[in-house]
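Read off the chains here:
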Amino acid sequence: MLTLVFLLLTIIHDLTATVDLHDFPRILTRTHNQTVNVSDTAILTCHVTNLGNHHVTWLKYDRNTSMFLPLTVGEQVFLSDTRYSVSSYSISTVNSYWNLEIYNAQLSDEGTYECKISNRRRSVSIKIHLHVQIPMSIQPSRLYVEPGAEVELDCTIYNVNTSSITWHFSSYNQTYHYNDYLYDIHENYQHEKNISKSQLIIRHAQPYHSGLWTCTYRRQRRSARIVVAKGAMQRLLLNNHANSYVQCTMSLILFALLLGHHITRRI
């Protein structure tokens, strides 16, 4: 008798577990990379279906312990840092979104975050790799000059004071020696109101300076394309004129086709 009762309890448990596993929540968001600028708000979204009575947990990978440490469970935040919060909303009876929001993002917020749902028998999770970058720009991004002209490129980084901006050069013409590229090139650094600027100045630009000039800071980079050649500006103006002519011609052809179609329909 006890054997029969035990067998029945085992069967019921297995059936319950099967149903429970079948009804277990799913995370529809996929693992991905996400990038935000310093001081912006990072919103990490986890789309969940069939959550039921389970809880969504947000965790962050800690390099010191090599473990994922919990940040939130449900709507409860386990951090003293008030920049972190969690919000949720439903779009149907089975679909909901759980957002981890990080206000005024800092470089220290960069890392791998995990959205997880688990119980003693099963768990599902996805990871979001958050990259926090510093706003960065280069001006001008394209330049056509005559040989002998002075060239100035401004690489600007915001919200940081640094002199760690480096410049790299990729030549269109490999017949020149690398030392030729560095001739008469100067760099100036400026810091003002939490803005850092590196100026690359070529006093007398030559054809061997034509190429891609790139400023880098950590993993970030911005590039400017320089063309130094006789008549470079004239060729640029001619190309722009030709492109404008082609665009104008195509617009007229399209207008004529539309007008003809309209007249045909009225007839």
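Just above sits the structure.
As the structure is a computational prediction, the values presented were derived from the model and not from experiment. (Residues numbered from 1 in each chain as written. Predicted model: local features only at pLDDT ≥ 70, side-chain atom pairs only at ≥ 80, totals over all residues. Heavy atoms only, no water.)

1. Description of the layout of surface pockets
- In this structure, the largest pocket encloses a volume near 220 Å³.
- Elements with a minimum of two residues in the lining of the largest pocket: β4 (57-62), β9 (111-118) and β10 (123-133).
- Taken together, the residues of the lining of the largest pocket break down into two nonpolar, three polar and four charged.
- Its boundaries defined by the atoms lining it, the second largest pocket holds a volume of some 160 Å³.
- Lining the second largest pocket are Thr35, Leu107, Glu110, His131, Val132, Gln133, Ile134, Tyr217, Arg218, Arg219 and Gln220.
- Take the lining of the second largest pocket: its biggest share by element is three residues, from β10.
- Looking at side-chain class alone, the lining of the second largest pocket contains four nonpolar, four polar and three charged residues.
- When we break the lining of the second largest pocket down by domain, the ones giving at least three residues each are domain 1 (24-133) and domain 2 (136-231). (1 Å grid on protein atoms, 1.4 Å probe; cavity = no way out; pocket = protein on both sides within 12 Å on 5 of 7 lines; lining within 4 Å. Points joined across faces, edges and corners; volume = space filled by probe spheres on them. Helix = DSSP H or I, 4+ residues; strand = E, 2+ residues; numbered from the N terminus. Nonpolar A, V, L, I, M, F, W, Y, C, P; charged D, E, K, R; others polar. Domains from an automatic or database assignment.)

2. Things to note about the state of the cysteines
- Summed over all chains, the structure comprises two disulfides.
- Linked covalently through their sulfurs, Cys155 and Cys215 form a disulfide whose S-S length is 2.1 Å. On the S-S bond that ties Cys155 to Cys215, the torsion sits near 75 degrees, and the link is right-handed. Taken together, the positions of Cys155 in strand β13 (residues 151-158) and Cys215 in strand β17 (residues 211-217) put the pair 60 residues apart, joining distant regions of the chain. Here the two residues Cys155 and Cys215 agree in accessibility, since each one is buried.
- With cysteine numbering restricted to those in disulfides and following the sequence, the chain has the pairing 1-2, 3-4. (Disulfide = S-S within 2.5 Å. Buried < 20%, exposed > 50% of the residue type's maximum accessible area, 1.4 Å probe, protein only.)

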